[in-house]
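Residues per chain are reported as follows:
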Amino acid sequence: MINYKDLGLVNTREMFAKAIKGGYAIPAFNFNNMEQLQAIIQAAVETKSPVILQVSKGARNYANQTLLRYMAEGAVEYAKELGCKSPQIVLHLDHGDSFETCKSCIDMGFSSVMIDGSHLPYEENVALTKKVVEYAHQFDVTVEGELGILAGVEDDVVAEHHTYTKPEEVVDFVTKTGCDSLAISIGTSHGANKFKPEQCTRNAQGVLVPPPLAFDVLEGVEKELPGFPIVLHGASSVPQEEVETINKYGGALKDAIGIPEEELRKAAKSAVCKINIDSDSRLAMTAAIRKVFAESPAEFDPRKYLGPARDNMKKLYKHKIEEVLGSAGKNENC
């Protein structure tokens, strides 16, 4: 058993309480490799922001659980090396699909886990989430549950259509499970193609404009659970400049569209205190690598293309922290 506190990590409890009170959201960035991790930590330290390092089940299998444990510990020490005296870093399991996966992550030093039982019948979702909470809370690990289903594809999480969260269910769910935060569905979705063209309109330039988020559902949840931490998944905005770069240098992303950043800013000022961003980072990384390969076809040194990719991701992370989520400067001890 490895306790996350021995790795220098924190859980989400105090972090979320401050975010709700302060009207901002904590960035939850998924990572799969060293360059992504470096970029996240650099951005968080330079902006003095708390940060959540997210690992999906697929990413954990890709990276290896033992290496991840040391990467997380290294991230804390790296942040200190960069000048942050007291880093606020969470290691979080994204979309845990079973009690066994969540338990394994807790035992290996994760400070927060998500159990996603949203695809199950309601009572089964309650029972599974409660079981994870009871185990996690023994070690002061925080737990995120989910009500409602997000459309799209992310690793093993696949759903053709989204189902909005029902505000009338949230009090019962939180009360019965004891979860520390709740992911809800208000129209965000996973992946770079969040909406089909027929769901969107087009502006004068012919660019797809996605349907607005269901803020009435969010308001309904907030009314039922005042002050309770709410989470948005699938919140990448799919920067069109990155999509254009990818396509310019041989990519084939068609009708890639995300969540407008002004809607995410609005959500961050509410009880939404954690916003998940994954696809945007993948796009920034891929765009930079494709550019190097196209402009320098003889290049084969990984540092020469992963370095620019890291820099481009860092630029993206800092933009999200400063301009979208509002968490810059919220780690007073950094």
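Caption draft 1: The packing of aromatic side chains, seen in detail. Enumeration according to the criterion identifies 5 aromatic pairs in this entry. Ring plane angle 40° and centroid distance 4.4 Å describe the contact between Phe29 and Tyr317, whose orientation is recorded as tilted. Here Tyr317 lies in helix H12 (residues 302-325) and Phe29 lies in strand E1 (residues 26-30), a separation of 288 residues in the sequence. Accessibility assignment for this pair places Phe29 and Tyr317 in one class, buried. A network of ring pairs unites the aromatic residues Phe99, Tyr135 and Phe139 as a single cluster.

Caption draft 2: Up close: the pairing of E1. Counting buried positions along E1 yields 5 of 5 residues, so the element is predominantly enclosed. Both faces of E1 are covered, namely the face carrying Ile26, Ala28 and Asn30 and the face carrying Pro27 and Phe29. In the sheet, E1 pairs with strand E12 (residues 272-277) via 4 bridges, with the strands oriented parallel. Its bridge partner lying in E12, Pro27 is registered against Ile275. Bridge count between E1 and strand E2 (residues 51-56): 3 bridges; the pairing is parallel. Of the residues in E2, the one forming a bridge with Asn30 is Gln54. Regarding topology, helix H2 (residues 34-47) serves as the crossover connection from E1 to the parallel E2, and that connection is right-handed.

Caption draft 3: Representation of the pattern of salt bridges. One pass over the full model with this rule turns up 17 salt bridges. The shortest N-O distance in the salt bridge between Lys320 and Glu261 comes to 2.9 Å. One end of the pair, Lys320, is in helix H12; the other, Glu261, is in helix H10 (residues 261-268), and 59 residues separate them in sequence. You'll find Lys320 and Glu261 in the same group, each marked buried.

Caption draft 4: Structural view of H12. Between its terminal C-alpha atoms H12 stretches 32 Å, which fits the 34 Å expected from 24 residues at 1.5 Å a residue. Along H12, the residues classified as buried are Tyr305, Gly307, Ala309, Asn312, Met313, Lys314, Leu316, Tyr317, Lys320, Ile321, Val324 and Leu325. In this fold, the buried residues of H12 make contact with E1, H2, helix H9 (240-248), H10, E12 and helix H11 (279-295). The N-cap of H12, judged by a side-chain oxygen 3.0 Å from the amide nitrogen of Arg303 a few residues on, is Asp301. Backbone geometry just downstream of H12 places Gly326 in the positive-phi region, at approximately 75°.

Caption draft 5: Inspection of the pairing of E2 at higher detail. Judged by how many residues are buried, E2 sits mostly within the fold: 6 of 6 residues are covered. Covered by surrounding structure in E2 are Val51, Leu53 and Val55 together with Ile52, Gln54 and Ser56, the residues of both alternating faces. With 6 bridges connecting them, E2 and strand E3 (residues 89-96) associate as parallel partners. Note that in E3 the partner of Gln54 across the bridge is His92.

Caption draft 6: Helix H8 (residues 215-224), seen in detail. Listing the buried residues of H8 in full gives Phe215, Val217, Leu218, Gly220 and Val221. Check the buried side of H8 and you find it contacts helix H7 (167-177), strand E8 (181-184), strand E11 (230-232), H10 and E12.

Caption draft 7: A look at the sheet that holds strand E4 (residues 112-115). Pairing is parallel around the closed barrel formed by 8 strands, whose spatial order is E1-E2-E3-E4-E5-E8-E11-E12. Averaged over all neighbouring strand pairs, the angle between strand axes comes to 25°, with direction disregarded. Relative to E8, strand E5 (residues 142-147) is paired through 4 bridges, and the arrangement is parallel. Across the sheet, Glu146 pairs through a bridge with Ala183, a residue of E8. Strands in contact with helix H1 (residues 13-22) are E1, E2, E3, E5, E8 and E12; relative to E12, the strand with the most contacts, it is inclined by about 110°. Here helix H5 (residues 99-107) sits on the sheet in contact with E3 and E4, set at roughly 175° to E4.

Analysis parameters
- Residues numbered from 1 in each chain as written.
- Predicted model: local features only at pLDDT ≥ 70, side-chain atom pairs only at ≥ 80, totals over all residues.
- Heavy atoms only, no water.
- Phe/Tyr/Trp six-rings, centres within 6.5 Å; stacked < 30°, edge-to-face > 60°.
- Helix = DSSP H or I, 4+ residues; strand = E, 2+ residues; numbered from the N terminus.
- Buried < 20%, exposed > 50% of the residue type's maximum accessible area, 1.4 Å probe, protein only.
- Pairing = 2+ DSSP bridges.
- Right-handed = clockwise from strand over helix to strand, strands pointing away.
- Salt bridge = Lys/Arg side-chain N within 4 Å of Asp/Glu carboxyl O.
- Expected span 1.5 Å × (residues − 1).
- Contact = heavy atoms within 4.5 Å.
- Polar contact = N/O pair within 3.5 Å; in protein donor to acceptor, adjacent residues only side chain to side chain.
- Axes fitted to C-alpha atoms, helices over the stretch in contact; angles between N-to-C directions.

Purely geometric numbers; function is a separate question.
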